[in-house]
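Analysis of the macromolecular model
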Amino acid sequence: MNGSRIAAVGHYQPAKVLTNEDLAGMVDTSDEWIRSRVGIRTRHLAGPDEPVDELAAHAAAKALAAAGLAPADIDLVLVATSTAVDRSPNTAARVASRLGIPQPATMDLNVVCAGFTHALATADHAVRAGGASRALVIGADKMSDVTDWSDRSTCVLVGDGAGAAVVEASQEACIGPVLWGSVPEMGHAVRIEGTPPRFAQEGQSVYRWATTQLPPIARRACERAGLEPADLAGVVLHQANLRIIEPLAEKIGAVNAVVARDVTESGNTSAASIPLAFSKLVEQGAVTTGDPVLLFGFGGNLSYAGQIVRCP
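In this text the structure is predicted, and so the values were computed from the model without any measurement.

What about the packing of aromatic side chains?
- Evaluated as defined, the whole model comprises two aromatic pairs.
- Consider the rings of Trp 209 and Phe 298, whose centres lie 6.5 Å apart with planes at 70°: the pair is edge-to-face. Pair noted here: Trp 209 is in helix α7 (residues 203-212) and Phe 298 is in strand β13 (residues 292-299), with a separation of 89 residues, a long-range link.
- When the ring of Phe 296 is compared with that of Phe 298, the centres are 6.3 Å apart and the planes differ by 40°; the resulting orientation is tilted.

Observations concerning the environment of Asn 268
- Tracing the backbone through its elements, the reader meets Asn 268 in the loop between α10 (263-266) and α11 (273-284).
- Taking relative accessible area as the criterion, Asn 268 reaches 7% and is therefore assigned buried.
- Discounting residues that sit within four places of it in the chain, Asn 268 has contacts with Ile 40, Met 143, Leu 157, Val 158, Gly 159, His 238, Gln 239, Ala 240 and Val 263.

Quick look at the pairing of strand β14 (residues 303-310)
- Within β14, seven of the eight residues are buried, leaving the element largely enclosed by the surrounding structure.
- Note: strand β8 (residues 179-182) against β14, four bridges, orientation antiparallel. Paired with Leu 179 across the two strands is Gly 306, which belongs to β14.
- For β13 and β14, the ladder comprises eight bridges, and the chain directions are antiparallel.

Reading the values: the criteria
- Residues numbered from 1 in each chain as written.
- Predicted model: local features only at pLDDT ≥ 70, side-chain atom pairs only at ≥ 80, totals over all residues.
- Heavy atoms only, no water.
- Phe/Tyr/Trp six-rings, centres within 6.5 Å; stacked < 30°, edge-to-face > 60°.
- Helix = DSSP H or I, 4+ residues; strand = E, 2+ residues; numbered from the N terminus.
- Buried < 20%, exposed > 50% of the residue type's maximum accessible area, 1.4 Å probe, protein only.
- Contact = heavy atoms within 4.5 Å.
- Pairing = 2+ DSSP bridges.

In structure tokens:
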């Protein structure tokens with residue numbers, strides 16, 4: 001085996017739905033104001049008795065079932081999250097415990113909104129190097145825990161959820177080379193800081209960076225996989241804001257691709273947004289087995305990571 005592939009995906013969202021009309025009763029906002037600025041209609045919120053590792057475990061269980069695998073088949077669990085309450089045991093260990101995975105390596109990765117694509121690259125590297133045979137890669141965040149619900153500039157954006165992928169060895173490299181990096185001197189543009197921690201961002205700075213600096217980086221990710229943007233069947237960008245997703249996808253040049261717009265239904269779920277949106281495209285049949293899909297995360301730390309994957 002000299003490559004790796006995504007064998008299956010899965011996702012999970014809490015049952016509670018918060019609409020724009022609901023938010024208009026909480027802060028000075030309106031459905032029209034929110035839709036026109038970020039494109040979001042609804043978002044899902046977890047309850048106080050639903051920790052982030054529970055969201056992650058639900059998504060992971062669905063991915064395992066879709067792959068036809070048992071928990072014992074997994075030897076590496078990676079969870080991308082920035083909203084875990086506790087430092088130890090880490091979220092990955094708690095997910096492994098919930099699922100009954102025996103003796104896996106367990107690691108959390110905190111790269112905020114780009115966390116899942118960083119974790120996917122890490123799993124790809126581990127599997128190809130022989131450090132793992134099968135990995136569960138999960139993006140899960142409970143943004144409602146770190147949101148000031150009296151701040152209309154941020155509370156309209158966020159949602160909770162999780163998405164997961166099973167990564168295993170394959171004869172072909174079905175997960176392309178990652179292109180990743182950051183702009184650490186601008187890390188202040190997206191923050192989860194303080195006690196209690198609160199999400200804040202410099203929206204205009206993030207918008208300008210995402211729509212001007214990221215398109216050539218995403219195109220280079222395609223080049224590393226030996227594909228032209230026009231060859232892509234799907235594009236799954238971090239689901240931050242429809243006003244970022246649409247111009248970014250257009251500037252990449254993926255003219256034949258289905259572009260994920262799950263942000264309208266789910267809001268910004270941080271590390272969960274890419275696997276959540278990708279799993280929905282697979283479930284809906286919008287992309288099919290073997291299709292090349294660009295996964296491209298960006299955001300907190302002004303970090304980014306992208307790779308082309310073949311659809312399970």
